[in-house]
Amino acid sequence: MASDDLYDELTDIFRDVFDDDDIVLSDDMTAADVDDWDSLSHIRLIVAVEQHYGVSFTATEIAALENVGQFASLIRQKLGA
Amino acid sequence: MKWEDFTEGTEVATEFRIASADMDAFERLSGDSNPLHTDAEFARTLGFEDRVVYGALIIARISEMIGMKLPGTGGVWSSLRIDFRDPLYIDEAAELRGTVTHRSEAVKMLTLRLRVEAGGRRIATGTAETVWRADD
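Keep in mind it's a predicted model, so treat the numbers as computed, not measured. (Residues numbered from 1 in each chain as written. Chains lettered and ligands numbered in written order. Predicted model: local features only at pLDDT ≥ 70, side-chain atom pairs only at ≥ 80, totals over all residues.)

1. Points about the overall build of chain B
Here comes step 1: Tallying secondary structure elements over chain B gives 4 helices and 5 strands in all.
Here comes step 2: When its helices and strands are written in sequence order, chain B yields β-α-α-α-α-β-β-β-β.
Here comes step 3: When the backbone C-alpha atoms are referred to their principal axes, chain B occupies close to 50 × 30 × 20 Å.
Here comes step 4: The 136 residues of chain B split such that 28% are buried.
Here comes step 5: If you take every contact in chain B between residues at least 6 apart in sequence, the share linking residues at least 24 apart comes to 68%. (Helix = DSSP H or I, 4+ residues; strand = E, 2+ residues; numbered from the N terminus. Buried ≥ 20, exposed ≤ 12 C-beta atoms within 10 Å, placed from the backbone. Contact = placed C-beta atoms within 7 Å.)

Have a look at this one:
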């Protein structure tokens, strides 16, 4: 999957989870950059990505993420892309 | 129950009936005196066979399932989406079935598919999410 395709899909997932059609993702984006990125939204985001791509994450993998770019890299790694 | 006890496909079913006294109690509690739920004659004018059970009383049975069984006291219910597809009538035997469709190890969330049936009719369908908070 091309990087742009992944970001397009991730953008749709973020917009759905946070109910905000104005979200534009960037590699260095963090929870502090998105309104309503609270603990429950965080859980829903992880679950939505798992369900969309059919992958599973571990708590350690998620805890180590520092920004959206690292999350995208983890997804690519899971997909073998 | 422990987190490890739940896997995708884990299923719980429970049978229930909503009694007239339950309807009266919910009317008092909620203030919802819509005659669809309180007046059989009115309900028939809308094309129903009898008074229609409050959807919230079906949700009450979902609450019992999630709070006590799936996953029970280790979980915190965080979302519900439900479609009411066919009326449930008072004293009608119904079955609620909950199935785990997704189990996230990373964030300890279970996604559940919910289905309520009565008399061969699909009464309600939906999904719920619950977050496991207990230390196993």
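2. Looking at the interface of chain A and chain B
Here comes step 1: Counting residues at the interface gives 12 residues for chain A and 9 residues for chain B.
Here comes step 2: Taken together, the residues that form the side of chain A that touches chain B break down as 7 nonpolar, 3 polar and 2 charged. (Nonpolar A, V, L, I, M, F, W, Y, C, P; charged D, E, K, R; others polar.)

3. Points about the pairing of strand 4 (residues 109-118) of chain B
Residue and element names in this part refer to chain B.
Here comes step 1: The buried fraction of strand 4 amounts to 7 of the 10 residues, a majority that puts the element mostly inside the structure.
Here comes step 2: In terms of strand pairing, strand 3 (residues 94-104) meets strand 4 through 9 bridges, oriented antiparallel. In the sheet register, G98 faces strand 4, and the bridge partner there is L114.
Here comes step 3: Remark: 4 residues form the turn of the hairpin made by strand 3 and strand 4, two consecutive strands paired antiparallel; K108 in that turn has positive phi of roughly 55 degrees. (Pairing = 2+ DSSP bridges.)

4. Considerations on the environment of L10 of chain A
Residue and element names in this part refer to chain A.
Here comes step 1: Looking at where L10 falls in the secondary structure, it is placed in helix 1 (residues 3-18).
Here comes step 2: L10 sits in the buried class, given 21 other C-beta atoms within 10 Å.
Here comes step 3: Considering only alpha carbons, one finds L10 and L25, 15 residues apart in sequence, at a separation of 8.1 Å.
Here comes step 4: Excluding its chain neighbours within four sequence positions, the residues that come into contact with L10 are L25 and A72.

5. Here's the deal with the sheet that holds strand 1 (residues 11-16) of chain B
Here comes step 1: On the basis of which strands lie adjacent, the open sheet formed by 5 strands has the order 1-3-4-5-2 (chain B) and antiparallel pairing. Every other strand in the sheet has two partners, leaving strand 1 and strand 2 (75-84) of chain B as the edge strands with one partner each. Recorded for the sheet is a direction-independent mean angle of 20 degrees between the axes of neighbouring strands.
Here comes step 2: Contacts from helix 2 (residues 39-53) of chain A reach strand 2, strand 3, strand 4 and strand 5 (121-132) of chain B within the one sheet, and its direction differs from that of strand 3 of chain B by about 85 degrees.
Here comes step 3: In the packing of helix 4 (residues 55-68) of chain B onto the sheet, the strands contacted are strand 1, strand 2, strand 3, strand 4 and strand 5 of chain B, and the crossing angle to strand 2 of chain B comes to about 145 degrees. (Axes fitted to C-alpha atoms, helices over the stretch in contact; angles between N-to-C directions.)

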